[in-house]
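Structural overview for review
One letter stands for each residue in the lines below.
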Amino acid sequence: MSSLSSEVMDNLSEIQLGGQGASVSKFTPVQFGKDFFDNLAQCRDDGEKIQLFLETAQRQNVPLRAIEELLNYQDEFILAMGLQSFGYITNPQIKAQLATLDYIQGLDEPLEEISLLADPEDYKRHSVRILEKLCQEAKSGSDLIRLSAAWAIQQIGYSAMITGRFLPKSAEDIQSQIISESLNRLNNRSISKEYIDFWVYTPKRHLLRLLQTIPSSYLDVVERILARLGVVGVEFIARSASTLQQFVVEVALDLANLLLRDRQYRKYQDAGTQRTLSDILIPFLDNSDIDLRRLAAEPINEVGSSWSCLNDTIKAKAAIILRDWNKLEELGELSVPFLIEAIKGSLLLDTQNNLREQVEAVRCISRIYFYNVEQQVTILSEFLQDYQEEIRDVTVSLLKPHQKLLDMKSNHILTGLYFGFQLEDFDVKTMTIREIDRKIADERLYQEDFDKIFQGEVIKPEIFNLQGYYLPYFFEANKDNNMLAVCDVLHRLKEKFLLEITIQVCQSSEDRETWVNALSQMVAQLQLLTSKSKDAFLDTALKTYKQYQELYVNRNLFKYNIKALAETRSNIRTVLMTLVQSATKSNSSGEQDYIEIVSRDKDEQKFLETLSATENIDISTAVERKGWEGDFGEKYIRQPIKPKLSNELGDGSTNLYSNSFNSANFSHPTLPSSGGAIIRTGASAITQSSNNSRRLPLAQIKDLKPLHRLATLEEISGFFRLVIPGNTPVPGMATTRLRNSTAEEIFNNYKHLMTKDEYIVGLDDENNPVTSSWSEIPHRLVAGVSGAGKSNFLKWIIFQFLYVNPKRRIYIADFGGVDFQWLNHMGVNVEIETTPENCPNLVEKIHQQEYERRLQLMQEYGVENLKELQEEGVEIDRTLWIIDEAADIADVSSKLRDTIEKRLKEYARKGRKFGIHIIYCTQRPTTEVITKQVTDQCEEKVVFRVSPDASYRILEDAIAGDIPKDAKGRAYLSGYSGAKFVNTPLIKMPIGSKVKISETLWANLHTKK
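Residues numbered from 1 in each chain as written. Predicted model: local features only at pLDDT ≥ 70, side-chain atom pairs only at ≥ 80, totals over all residues. Heavy atoms only, no water.

1. Let's talk about the overall build of the chain
As a reminder of what qualifies: To qualify as a helix, a DSSP run of H or I must reach at least 4 residues; to qualify as a strand, a run of E must reach at least 2; elements of each kind are numbered from the N terminus. Any residue under 20% of the maximum accessible area for its type is buried, any over 50% is exposed, and the rest in between are partly exposed; the area is computed with a 1.4 Å probe on protein chains only. Any pair of residues with heavy atoms lying within 4.5 Å of one another is described as a contacting pair. Calculation of accessible area relied on Shrake-Rupley with a 1.4 Å probe; when residues are assessed, cover is drawn exclusively from the protein chains displayed.
Helix and strand counts for the chain come out as 41 helices and 17 strands. The buried share among the 1009 residues of the chain stands at 53%. At a minimum sequence separation of 6, the contacts of the chain that also span at least 24 residues come to 69%. Surface exposure of the chain reaches about 45600 Å², of which carbon and sulfur atoms provide 47%.

Now the structure itself:
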């Protein structure tokens, strides 16, 4: 949407309520003052009341007598609307007569009756009397009245001569002063009904200014104002959305959702309002922001099916935005164009894992054309050539049963993909059908003898930048690694697996000369650039390459090969990611940045080359990253640098230029002597070695390539740590074993890690504590079958939450009714609800006593989050809401589930600031229980033993399905501390008279009170 001018903002008539909306159709034309009040009684909200005055003032036959009557009323709203109505007049003749104080014919009685009056000329000068009234009200009265009068004076366009004669200052200055004071009242924590009234009834240019500057902590002020304005307010926000903060637009779309769906707003749920609001929502379906698209799509998708004003195409668009696959199937072929957009990537469905949704879109098309196979084949065959392997794979699986219906070209592509050809190697544009047939036949023979095998390798992370920059990072060895985590993963694999780590002394002096020369030129180039401009990436690159000079030029180096062979790609990735995580220190690169995987059927040449290298007592470098494809390596390090087109290199602050390269201006560096002295560089040129006058050619990027396959022994030492079973002591090596610790042990050793913001999840496989943060991740999803350790984990979390501050409050929905009753005997602030039917009361209680209270306090003290509120001296802390078995909620009522998800979504947006946290738990993680809404809002997942399908549904990985039955308390964590296995501790509980509180950790709560 384009930005709106101030004139449009002043003019609420620009807001059309659908042409025939409910509020327009029910207004009776106003002729006399009493007609206003007859119409006001029919209005549903303040927005419609304002609309009544606006429409009346903008009629060509504007009833000036009726409007003038309003100026005699003492009611602030009526008087303000009467004053503003003169500013809303659009009839150019009447507006000009008012501005020039001319006689206005027919203002009151007919002319023949006016002529009979004792002093008709004075009576006719109503334009003068109107000006006097406006000026009088602009000088005295409430802020709203003065503002309304000054605004009308400005809109009518009275001569500047009235300033000083009728007014002490200009109408513009009066408005500016009142608005500034009102905005300051917001900053001074003064929020009252009168304050809300002011902004509801103020001319909309000024309301726009408030909405453009109001902090998000005053979200409820925006909600109260828009709720008062109703449909008119929603449309006002929609028309000015591009000039507003996003949270304001979200509030308006949420209000539209309520007006259309909530029972308490039934008066709005008529055909006219539906049409009006649908006209507002539909443009947001194309908004660039995915959250705004979803907010607009929700009411259309949920209740829009019954609206006659919506066509099925719009309904399909809303359904695809919300990923409602069932609705898309119901709508049939109308959904297909949007599904195709999603598959091609032009319609983004998910910011975190869009590929997963694209794959599901392919499946949805297949289901839509289940009974029209020919059409299914026609549409899906296009995706056989998609650039994403996952989309090609699912397309192959869906079309394989219908292969005979494919045209010859698609048939051969499908067959080739089915046998695992990489698309770039299987180019139907250059291959004849005979060549394709021969390749397929050869592949069939090959696969008759060999099963599919995958090979993965660990390689240093590398950055390939489009401007020609290349940076290989170092391995940072974790010297405390004992391979326990890797051994544990290998032990649980259900297939053959080979992990091979090979090192070889680097003896090639020719290679060394090449990369040493390239290093020196790269350092010089980076020094030149960083001396001119600041750029985070270039600073990092310079620091890293200097380290290479310091550590590599003078040292014995090794070539390395760290590879794994397995029958499945997922096991390769799991083992190697665990290896990297254990063997290296955490840095800016994720574990996946170290790993490259090839399969024998797709990368036969690379695969066989790496195998034969071992036979020839050599290290293979065949597996490499795609960044080396094309001519990237051919670029010269000193090639002219073009201006940056993006902030890929750093923080976006640098815009680099250099003159075209001239070899005459550049002194080529010389090599060091065979002694290997480090080449030192200056800021503007490369220092030449005094021991050698031989000039070297300009270095290319590819000359640096050997660095990613070289390492010092210190770098790769983390990959060679071994765990020794039993009690045999080995100097310098840990003797720890994989075992479950108790909560008491963890508490005694690591209680310093239990803070107001963080808690301990458990121990990793190396017995290091794994923490999580309430301030960074407000909500959690916990899943696990019965007996896996989920309930014990919740008790462990509750203990830590209360240990930090026993006055913290906890709400628990415990529908089993027994797991948490012991808390009632602990003297802590806990409220437990045991029946799903009463859960809505608990939900609303949390909303009122926790959410609304915190919001009010933040507004009162003028702060934006819980921490700032505590710094003001307010005694308030985090609160926790535990839903112990979400499946029970889904079983009882889908409406209840929707209510909880609505609050979950609301708290997810504000949980960090408000200190309200949710733990959403289930033993049955089906799609009905764990909806997309829940997985999106619960950023941290703690998954105990579940089925592989359930694990994939939550984690997009079946890894939690491999947890053994006897590994109680073991879970897979994805969240604040990364993705890893964690062993949660068993916490001892008080049991009546058998186990006293004093014998457990819970005694620490009483000690701290």
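Next comes the rest of the description.
2. Structural notes on the UniProt feature "binding site: ATP" (unreviewed entry) in the chain
Put simply, the test is: UniProt positions are given in the numbering used here, feature names are shortened, and annotations may be inferred rather than shown by experiment.
When the UniProt feature table is mapped onto this chain numbering, "binding site: ATP" (unreviewed entry) sits at G784, V785, S786, G787, A788, G789, K790 and S791. As for its position among the elements, S786 is in the loop between β10 (780-783) and α34 (790-804). With residues up to four places along the chain from it excluded, the contact list for S786 reads Q923 and R945. Positionally, A788 belongs in the loop between β10 and α34. Relative accessible area serves as the criterion here: at 4%, A788 is assigned to the buried category.

3. Description of the pairing of strand β5 (residues 558-566)
For clarity, the threshold we go by: For two strands to be treated as a pair, DSSP must find at least two bridges joining them.
Of all nine residues in β5, eight are buried; the element is thus mostly enclosed. Two elements, strand β1 (residues 454-458) and β5, share five bridges in a ladder whose sense is antiparallel. Looking across to β5, one finds that V458 is bridged to I562. Bridge count between strand β4 (residues 497-505) and β5: nine bridges; the pairing is antiparallel. Paired with E500 across the strands is K563, a residue of β5.

4. Focus on the packing of aromatic side chains
How two aromatic rings sit relative to each other is given by the distance of their centres and the angle of their planes. Test applied: Stacked, edge-to-face and tilted are the three classes for Phe, Tyr and Trp ring pairs, Trp counted by its six-membered ring, which pair at centre distances within 6.5 Å; planes under 30 degrees apart are stacked, over 60 edge-to-face, the rest tilted. Consider the ring centre and the ring normal. A charge sits over the ring if Lys NZ or Arg CZ is within 6 Å of that centre and within 35 degrees of that normal.
Enumeration over the complete set of coordinates arrives at 27 aromatic pairs. Aromatic side chains F53 and F77 sit 5.8 Å apart centroid to centroid with 80° between the ring planes, which places their arrangement in the edge-to-face category. In this pair, F53 is assigned in helix α4 (residues 46-57) and F77 in helix α6 (residues 76-88), connecting sequence segments 24 residues apart. Of the residues examined, F53 reaches a relative accessible area of 0% and is grouped as buried. Judged by relative accessible area, F77 falls into the buried class, the value being 11%. Relative to F801, the ring of W774 has its centre 5.5 Å away and its plane inclined at 75°; by these criteria the two rings are edge-to-face. Here W774, found in the loop between β9 (769-773) and β10, pairs with F801, found in helix α34; they are 27 residues apart in sequence, far enough to count as distant. For W774, a relative accessible area of 2% puts it in the buried group. Within the aromatic cluster, the residues linked to one another by ring pairs are F474, W515, Y545, Y548 and Y552. Over the aromatic face of F801 sits the side chain of R808, whose NZ or CZ is 4.5 Å from the ring centroid.

5. Some remarks on the environment of P990
Along the chain, P990 turns up in the loop between β17 (978-983) and α41 (1003-1008). By relative accessible area, which is 18% here, P990 ends up buried. Linking P990 and W822, residues 168 residues apart in sequence, is a C-alpha distance of 7.9 Å. If sequence neighbours within four positions are ignored, P990 has contacts with M826, V995, I997, T1000 and W1002.

6. Quick look at the packing of α4 against helix α15 (residues 219-239)
This is how it is decided: Structural elements are reduced to axes, namely lines fitted to C-alpha atoms, with helices fitted over the stretch in contact, and the angle between N-to-C directions of any two is expressed from 0 to 180 degrees. Should an angle fall under 35 degrees it is called roughly parallel, over 145 degrees roughly antiparallel, and 65 to 115 degrees roughly perpendicular, with every other angle called oblique. For this classification, Asp, Glu, Lys and Arg are treated as charged, while Ala, Val, Leu, Ile, Met, Phe, Trp, Tyr, Cys and Pro are nonpolar and the rest, including Gly, are polar.
The interhelical angle for the contact between α4 and α15, taken along N-to-C directions, is 55°, at an axis separation of 6 Å. Classified by the interaxial angle, the pair formed by α4 and α15 is oblique. Between α4 and α15, the residues in contact are D46, G47, E48, I50 and Q51 and R228, L229 and V232, respectively. Looking at side-chain class alone, the contact of α4 with α15 contains three nonpolar, two polar and three charged residues.

7. Some thoughts on the packing of helix α10 (residues 126-139) against helix α11 (residues 143-156)
Working note: a packed helix pair is described by the angle between its axes plus the distance between those axes. Put simply, the test is: Less than a right angle of anticlockwise turn of the near helix away from the far helix marks a crossing as left-handed, whereas a clockwise turn marks it as right-handed.
Between α10 and α11, whose axes approach to 7 Å, the crossing angle comes to 140°. On the basis of the axis angle, α10 is oblique to α11. In the packing of α10 onto α11, the handedness of the crossing is left-handed. Seen from α10, the contacting residues are L134, C135, E137, A138 and K139; seen from α11, they are I145, R146, A149, A150, A152, I153 and I156. Here the residues of the contact of α10 with α11 sort into nine nonpolar, no polar and three charged.

8. Observations regarding the pattern of salt bridges
Oppositely charged side chains are able to pair whenever their charged atoms sit close together. Note the following rule: For this analysis, a salt bridge means a side-chain nitrogen from Lys or Arg found within 4 Å of a carboxyl oxygen belonging to Asp or Glu.
Overall, the coordinates contain 33 salt bridges when judged by the stated rule. Here E940 and R780 are joined by a salt bridge, their closest N and O atoms 3.4 Å apart. Of this pair, E940 sits in strand β15 (residues 940-943) while R780 is found in strand β10, placing the two residues 160 residues apart along the sequence. One continuous salt-bridge network, built from bridges that share partners, spans D46, K193, D197 and R228.

9. With respect to a negative patch on the surface
Defined as follows: Surface patches are drawn from residues lacking salt bridges whose relative accessible area is over 30%; two like charges belong together within 9 Å, two nonpolar side chains (Val, Leu, Ile, Met, Phe, Trp, Tyr) within 5 Å. Counted as positive: Lys and Arg. Counted as negative: Asp and Glu. His and the chain ends are not counted at all. Every charge is mapped onto a representative atom, which is NZ of Lys, CZ of Arg, CG of Asp or CD of Glu.
Taken together, the side chains of E864, E868, E871 and E872 present a region of like negative charge at the surface. Relative to the elements of secondary structure, E864 occurs in the loop between α35 (839-861) and α36 (866-871). Given a relative accessible area of 33%, E864 falls into the partly exposed group.

10. Describing the pairing of β9
Burial runs high along β9: four of the five residues are buried. For strand β8 (residues 758-763) and β9, the ladder comprises five bridges, and the chain directions are antiparallel. Considered in β9, the bridge of G762 is made with V770. If you look at the hairpin formed by β8 and β9, you'll find five residues sitting between the two strands, and N767 has a positive phi there, around 65°.

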